[in-house]
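Spelled out, the chains give:
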Amino acid sequence: MENFPHFVDVILPLPLPRYFTYSLPEELWESVHVGSRVIVPFGKRKFYTAIAVNIHYSAPEEYETRDVVSVLDHAPIVRQLQIKFWEWLADYYLCSVGDVYKAALPSGLKLESETLLLLNPNAEIEPDSLSPKEILVIDKLPADEKISIIELEKETGLKNLLPVLNGLLEKEILLISEQMKADFRPKLEQYVRLTLQTDEQDRLRTLFDELSKAPKQLNVLLKYLDLSHFLQPKETLREVNRKELLKQADATAAVLKALVDKGIFEAYTKEKTRLSTYRRETVDAMSLNEPQRKAYDEIHAQFSEKETVLLHGVTSSGKTELYIHLIQEQLQQGKQVLYLLPEIALTTQLTDRLQRVFGNRLGIYHSKFSDNERVEIWNNLLQEKGYDVILGVRSSVFLPFRNLGLIIVDEEHENTYKQQDPAPRYHARSAALVLASMHKAKTLLGTATPSIESYHLALQGKFGLVELNERYEGLQLPEIIPVDTKELRRKKRMNGTFSPLLVEKIGEALAKKEQVILFQNRRGFAPMMECKQCAWVPKCKNCDVSLTYHKFQYQLTCHYCGFVQPIPKSCPACGNTSLEMRGFGTEKIEDEIKELFPDVSVGRMDLDTTRTRKSYEQLIRDFEQRKTKILIGTQMVSKGLDFDNVSVVGIISADSMMNFPDFRSHERAYQLMVQVSGRAGRKNKRGTVVLQCSDEAHPVIRQVIASDYKSLYETQLAERQLFRYPPFYRLIYIYLKHRNEPLLIQMADVMAAKLRTIFGERILGPDKPPVARIQNFYIKKIVVKVEQQASLPRVKELLRQVQKEILETEGFKSALVYYDVDPM
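Being a predicted model, the structure only gives us computed values, none of them experimental.

Caption draft 1: Representation of the overall build of the protein chain. Broken down by element type, the protein chain carries 25 helices and 34 strands. Relative to its length of 824 residues, the protein chain is compact, with a C-alpha radius of gyration of 31 Å against a globular reference of 28 Å. When the backbone C-alpha atoms are referred to their principal axes, the protein chain occupies close to 95 × 70 × 70 Å. For the protein chain, contacts bridging at least 24 residues in sequence account for 74% of all contacts bridging at least 6. Per element, the accessible surface of the protein chain, about 38300 Å² overall, is 48% carbon and sulfur. The average position of the 112 basic charges and that of the 109 acidic charges among the side chains of the protein chain differ by 4 Å.

Caption draft 2: Geometry of the sheet that holds strand 18 (residues 464–468). In space, the 7 strands of this open sheet follow the order 14-15-13-16-17-12-18, with parallel pairing throughout. This sheet does not close on itself; its edge strands, each paired only once, are strand 14 (362–365) and strand 18. Strand-to-strand twist of the sheet, defined as the mean angle between neighbouring strand axes without regard to direction, takes the value 15 degrees. Along the sheet face, helix 10 (residues 290–303) touches strand 12 (308–313), strand 16 (404–410), strand 17 (442–447) and strand 18 and points at about 180 degrees away from the line of strand 18. Where helix 13 (residues 371–382) meets the sheet, it contacts strand 13 (336–340), strand 14 and strand 15 (389–392), and its direction lies at approximately 140 degrees from that of strand 14.

Caption draft 3: Region of the structure containing helix 21 (residues 665–677). The end-to-end C-alpha separation of helix 21 is 18 Å, in line with the 18 Å expected for 13 residues at 1.5 Å each. Of all 13 residues in helix 21, 12 are buried; the element is thus mostly enclosed. Within helix 21 the residues assigned to the buried category are Ser665, Glu667, Arg668, Ala669, Tyr670, Gln671, Leu672, Met673, Val674, Gln675, Val676 and Ser677.

Caption draft 4: The sheet that holds strand 27 (residues 630–633), seen in detail. As summarised here, the arrangement of the 6 strands in space is 19-29-28-20-27-26, forming an open sheet in which the pairing is parallel. Of all strands in the sheet, those with a lone pairing partner are strand 19 (479–484) and strand 26 (602–605), marking the two edges. In this sheet, adjacent strand axes meet at a mean angle of 15 degrees when their direction is disregarded. Of the strand pairs in this sheet, strand 19 and strand 29 (residues 688–693) are connected by 6 bridges, and their pairing is parallel. From the neighbouring strand, Val483 faces strand 29, where its bridge partner is Gln692. Of the strands in this sheet, strand 19, strand 20 (515–519), strand 27, strand 28 (646–651) and strand 29 are in contact with helix 17 (residues 500–511), which crosses strand 29 at around 160 degrees.

Caption draft 5: Main features of the pattern of salt bridges. All told, the structure shown has 27 salt bridges when counted by the stated rule. In this structure, Arg425 engages Asp421 in a salt bridge whose closest nitrogen and oxygen atoms are separated by 2.8 Å. The salt bridge involving Glu590 is made with Lys594; its shortest N-O contact spans 3.3 Å. Pair noted here: Glu590 and Lys594 are both in helix 18 (residues 586–596), with a separation of 4 residues, about one helical turn. Using a relative accessible area of 39% as the deciding quantity, one classes Lys594 as partly exposed.

Caption draft 6: Summary view of the packing of aromatic side chains. Per the counting criterion, the structure on display carries 19 aromatic pairs. Seen in terms of ring centroids, Tyr323 and Tyr339 are 5.5 Å apart; in terms of plane orientation they differ by 85 degrees. Their pairing is edge-to-face. A residue pair is termed long-range when its members are at least 10 positions apart, and Tyr323 in helix 11 (residues 319–332) and Tyr339 in strand 13 qualify at 16 residues. Its relative accessible area of 0% is what places Tyr339 among the buried residues. Where Tyr670 meets Tyr709, the ring centres are 6.2 Å apart and the plane angle is 50 degrees; that geometry is what we call tilted. Remark: Tyr709 occurs in helix 23 (residues 709–723) and Tyr670 occurs in helix 21; sequence separation between them is 39 residues. Residue classification places Tyr670 among the buried positions, given a relative accessible area of 1%.

Caption draft 7: Molecular detail of helix 17. The end-to-end C-alpha separation of helix 17 is 17 Å, in line with the 16 Å expected for 12 residues at 1.5 Å each. Every buried residue of helix 17 is accounted for by Leu502, Lys505, Ile506, Ala509 and Leu510. The buried side chains of helix 17 occupy one side of the element, clustering within an arc of 135 degrees when seen end-on. Of the residues trailing helix 17, Lys513 is marked for its positive phi of about 60 degrees.

Caption draft 8: How the structure looks around unusual backbone geometry. Residue Pro422 is reached from Asp421 by a cis peptide bond, and omega for that bond is -5 degrees. With respect to the secondary-structure elements, Pro422 resides in the loop between strand 16 and helix 14 (428–438). For the bond from Ala423 to Pro424, the omega torsion is 0 degrees, close enough to zero to count as cis. With respect to the helices and strands, Pro424 occurs in the loop between strand 16 and helix 14. The phi angle at Ser707 is positive, at roughly 50 degrees, despite the residue not being glycine. In this structure, Ser707 sits in the loop between helix 22 (699–706) and helix 23. A relative accessible area of 35% means that Ser707 is categorised as partly exposed. Positive phi is not limited to glycine here, since Arg724 has a value of about 60 degrees. Within the secondary structure layout, Arg724 lies in the loop between helix 23 and strand 30 (729–738).

Caption draft 9: Structural detail: the packing of helix 1 (residues 80–92) against helix 25 (residues 792–807). As a packed pair, helix 1 and helix 25 sit with axes 10 Å apart at the nearest point and diverge in direction by 65 degrees. The pairing of helix 1 with helix 25 is recorded here as roughly perpendicular in orientation. Along its contact with helix 1, which presents Ala90, Asp91 and Tyr92, the element helix 25 presents Leu792, Lys796 and Arg800. Its residues placed into classes, the contact of helix 1 with helix 25 shows 3 nonpolar, no polar and 3 charged.

Caption draft 10: Region of interest: the environment of Ile652. Among the secondary structure elements, Ile652 is positioned in the loop between strand 28 and helix 20 (655–658). By relative accessible area, which is 3% here, Ile652 ends up buried. The spacing of Ile652 and Asp67 is 585 residues in sequence and 62 Å in space, taken between C-alpha atoms.

Caption draft 11: Representation of the nonpolar core within the structure. Membership of the largest hydrophobic core comes to 116 residues, with the highest contact counts inside it found for Phe85, Trp86, Met673, Ile734, Met751 and Leu799. Residue contributions to this core peak at 8 residues, all from helix 24 (residues 741–759).

Caption draft 12: Broad picture of the environment of Val802. Structurally, Val802 is set in helix 25. Given a relative accessible area of 3%, Val802 falls into the buried group. In this structure, the C-alpha to C-alpha distance between Val802 and Gln476, residues 326 residues apart in sequence, is 56 Å. Non-local contacts of Val802, meaning those with residues more than four positions away in its chain, are made with Met751, Lys754, Leu755 and Ile758.

Caption draft 13: Local environment of the confidence of the model for the protein chain. Taken as a whole, the protein chain shows an average pLDDT of 86; of its residues, 90% reach a score of 70 or greater. Ranking the elements of the protein chain by mean pLDDT puts strand 8 (residues 174–176) last, at 67, and helix 14 first, at 98. Note on residues 178–184: pLDDT under 50 across the span, and 21 contacts to partners over four residues away in sequence or across chains.

What counts, and at which threshold
Residues numbered from 1 in each chain as written. Predicted model: local features only at pLDDT ≥ 70, side-chain atom pairs only at ≥ 80, totals over all residues. Heavy atoms only, no water. Helix = DSSP H or I, 4+ residues; strand = E, 2+ residues; numbered from the N terminus. Rg over C-alpha atoms; globule rule 2.2 N^0.38 Å. Contact = heavy atoms within 4.5 Å. Areas by Shrake-Rupley, 256 points an atom, 1.4 Å probe, with all protein chains shown as cover. Lys, Arg positive; Asp, Glu negative; His and termini not counted. Charge placed at Lys NZ, Arg CZ, Asp CG, Glu CD. Pairing = 2+ DSSP bridges. Axes fitted to C-alpha atoms, helices over the stretch in contact; angles between N-to-C directions. Expected span 1.5 Å × (residues − 1). Buried < 20%, exposed > 50% of the residue type's maximum accessible area, 1.4 Å probe, protein only. Salt bridge = Lys/Arg side-chain N within 4 Å of Asp/Glu carboxyl O. Phe/Tyr/Trp six-rings, centres within 6.5 Å; stacked < 30°, edge-to-face > 60°. Arc of directions from axis to C-beta. Parallel < 35°, antiparallel > 145°, perpendicular 65-115°, else oblique. Nonpolar A, V, L, I, M, F, W, Y, C, P; charged D, E, K, R; others polar. Core = buried A, V, L, I, M, F, W, Y, C linked by side-chain atoms within 4.5 Å. pLDDT = per-residue confidence, 0-100.

What follows is the structure, encoded as structure tokens:
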């Protein structure tokens, strides 16, 4: 078959319903492998980085194939098991494999023709090392301006430009203009070495004589001998960085070049990691206490029968130490471990703890790393260079593991494991179960407050269940004191958003040099601004939501599309200047606490203050080192952070969590309140939690105070069975979007009617979601409720059929239809 035409099926980073087939030019037959990146044309003037998934000899009948332009990899950068995993995600979450590919692969491994390029201002361009095409491209690049690949093709008159650009990117002459981030290329550093061997030291005298009339060159040689330890025992020999040598010798590049031209020195390059390395000695894991050892043994016993085990351990019970012992066991067997966390903030605190035991075998992966750093971690795993444990957030499931033995999903109940937008709208917990199955690995789900679904599966015997009910070293659970803010407001005894008891407890803690955490699950200064006279509220021009007031930036912001506008001086509707703030967020709480305790250092942890990795790390480090006395935060502060000096936790408003219009609101409120309460009284002292609410008798408040998860579970289970919700039914939300609202309403009604003829009363809607317009797209939602025992593949097949019929209808073709399977 080798003389027959070769074809390759590829995944494009586009929401396409199938793979596309391309012809392979004969010179590329030996170069392409399943999992390699190839550059392919798509559309009239666009090129994309695609992934080869199948090489064969059959031309497609539906269309004429186009040629692959070039192959970017000598070896695959995606493993075949990963492609299988992508296909499962696309099928289960009703999206395309292209959507999954786009989410899975770091941007630095993708190059597209819409990409903007610019000349690297720091590049050292050596014309002798460039091809004529590369020189032409550089000549056509505008100075200090960005240019698209399509425009560059026109300027140069060159076709198949991507291979040329790839070469310039490798040489770091070009940059990808995504906030000045280059498409990934290894970070190279230049070094120099003597052409003499260490045992040829007698020849140095000759060199000294030769350079006696070139004092600058002689000085460089002498400085090299000093830096390299060339004249010392061979085992102490050091490599010398070119930049360091020039700096130490106070010499120019021309002086060094003269030495290279004379054959005295030779230059070479080395790849340098962008990732931090652990330079201290590793230590043994701490020994387990009796309850931990019992739980450890039970996990082992359960793993002998079940693929997945749920570890239900109260806050501060020492689950992390259990994880460390389980990881060590896997490493001893030559296996890899994925340790998933719901929040980037948690990776910051856990990194030090895990590195002490695992050193440089630990890699960290999340979105706050630069794209180049993420690619380096990807390549490290792909080339088996040393990472055996990955600590990361949900996107870590996409990494190229070769031999997973265990996946730990810590805080498994967290809704941040669910990707919302864009597709794939996957849940990392569900994805982890499938990934583990593909690797024949085990999965451990850990939490103090299990999700109703996971606990139900454990009680049914589908998961193993291990309970760890004792806090580490016998610590007591915190005292939770409810405060009726409704009554206090009626009596005008509230101090802004703070009850007298909470202010008193904060004062007592600060007097003892202890720390405080204040929890409010809303960022911003105030949820909305309102005119006192006519009740006008500023709304986003693109979305159907009110704007949130941010005092620090002194602006109104939309938390959906990012639209901002300055604070109006008067009401645009009636002209009244009395505008007031309604509600409160973390920023307002920060403002008020600074008024109450002006001499106390206060930190705020929410989306606005943690835009970068360093901002996360600094906030946590300052609180750990007790530089910050009071930490105010959204749900980020509730998730497994360990601060040993926190004695008081204030929950500012429990009502806002419980009254959210969602069937999971009581479950989530319980989880958040118990988790944030667990931050109090970590070592040697029972903590205090002040829980502010308007109804102390509310069942969820009672369950939180008693730490009675089983009561919550039973109540929620009965309600969900009655109203047909998970874990008894599966949910699929269908979203329809269009800029034309009347057309959208018509389309949603037609689609819902078609679905009802198939699914009957399992279809609810169409309805408007809570936010019915985002970025000028109107939105409608249809809910599908399907029994657990129903055939999910058949349900999805029918949904796709109806979607196809709708989008083929004249007038509806420009609409967007997408799905949220197992919504959170």
